[in-house]
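# Per-entry structural report
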Amino acid sequence: MHPRHIAWSVCLIPVIAAHGSFLFGLWEGVANECMPYFEGCTSISRAAREGNAIFLFRGLMMPVAALLFLFWYLQSVWLKEITQKPHPATFILGAIGAVFLILYVDFLGTEGDFYRFLRRYGTTLYFALTVLAQMISIRSLQQKAGELDTQIRRYLNLQFILMVLYWCLGIANVVIKASGVSWADQAENVIEWHFALYMSLYFGLTALMWKRSNFDWQFRTDSG
């Protein structure tokens, strides 16, 4: 598998899993009919665990966790090629985030306060560590921006816009929760859908960067 195919997989599969689960719930009649990006009638987690949608979500997201390990390793290799510096933090943070994705998906749909705590713990650290790894990658490339191909710089600028959106969404979420408004839960759901989508778009832009730079990689074994 070419590196950019892995990047496209971790971009598209989560989008398909979230939206597919919501549509599956609508088809089964267990999900609320709305536009979750604007009305916030449901969170991604709730949409994924309604009815049989949980099997679709788990079946797609478990492989994503494994692909994320490989993606962040490849990203650290690519960054080293570009910047001439090692980037272990990018791989470590991204890999740990993938572990918490497994925790979240594994306990999705289980009952009880303890399992609810594990789900929240898993999803929070998955998002936080993945975004942190993305931000470190963006910052590393920005330090070499003058040496980058023009098209790669454009993709990098788009990734930086995504990073700004992360901060705006995060701040908005904190302010809305602190205000105690009656529609805080709906707003949090809207923010979650947008945040997850933007986080996935980062991987697609990385796939375009890898393609532009002709980045290639393969497993090698000693022949002895």
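Here is a short report on the structure shown in this document. (Residues numbered from 1 in each chain as written. Predicted model: local features only at pLDDT ≥ 70, side-chain atom pairs only at ≥ 80, totals over all residues. Heavy atoms only, no water.)

Across all of its chains, the model carries 15 aromatic pairs by this definition. Centre to centre, the rings of Y202 and F203 are 5.5 Å apart; their planes meet at 80°, and the pair counts as edge-to-face. With respect to class, Y202 is no different from F203; both count as buried. An aromatic cluster is defined as three or more aromatic residues linked by ring pairs; in this entry it consists of F71, W72, Y202, F203, W210 and F215. (Phe/Tyr/Trp six-rings, centres within 6.5 Å; stacked < 30°, edge-to-face > 60°. Buried < 20%, exposed > 50% of the residue type's maximum accessible area, 1.4 Å probe, protein only.)

Judged by side-chain polarity, W8, L12 and I16 come together as a nonpolar surface patch covering roughly 280 Å² of accessible area. You can see I16 is positioned in helix α1 (residues 3-28). (Patch = residues over 30% accessible without salt bridge, like charges linked within 9 Å, V, L, I, M, F, W, Y side chains within 5 Å. Areas by Shrake-Rupley, 256 points an atom, 1.4 Å probe, with all protein chains shown as cover. Salt bridge = Lys/Arg side-chain N within 4 Å of Asp/Glu carboxyl O. Helix = DSSP H or I, 4+ residues; strand = E, 2+ residues; numbered from the N terminus.)

Let us look at the nonpolar core. Residues F57, L68, F71, L101, Y166, Y202 and F203 are the most contacted members of the largest nonpolar core, which totals 66 residues. Only α1, α2 (44-49), α3 (53-83), α4 (88-107), α5 (113-142), α6 (150-179) and α7 (184-212) provide two or more residues apiece to this core. Of all the elements, α7 adds the most residues to this core, at 14 residues. If near-sequence neighbours (up to four positions away) are discounted, L68 is found in contact with V10, A98, L101, Y126 and F203. (Core = buried A, V, L, I, M, F, W, Y, C linked by side-chain atoms within 4.5 Å. Contact = heavy atoms within 4.5 Å.)

Summed over all chains, the structure comprises one disulfide. Residue C34 pairs covalently with C41 via a disulfide, S to S 1.8 Å. Looking along the S-S bond of the C34-C41 disulfide, the torsion reads about -55°, which is the left-handed sense. (Disulfide = S-S within 2.5 Å.)

A few words now on the pattern of salt bridges. Counted under the stated rule, the structure contains three salt bridges. As a salt-bridge pair, R212 and D149 come within 2.9 Å of each other at their nearest N and O atoms. Here D149 lies in the loop between α5 and α6 and R212 lies in helix α7, a separation of 63 residues in the sequence. On the basis of relative accessible area, R212 is assigned to the partly exposed category, the value being 46%. In this structure D149 comes out as partly exposed when scored by relative accessible area, which is 31%. Between E188 and K177 there is a salt bridge, with the nearest N and O atoms lying 3.4 Å from each other. Here K177 lies in helix α6 and E188 lies in helix α7, a separation of 11 residues in the sequence. E188 gets classed as partly exposed once you look at its relative accessible area, which sits at 24%. Looking at K177, the relative accessible area reads 46%, which means it is partly exposed.

So, to be careful, I would describe these as geometric facts and stop short of saying anything about function.
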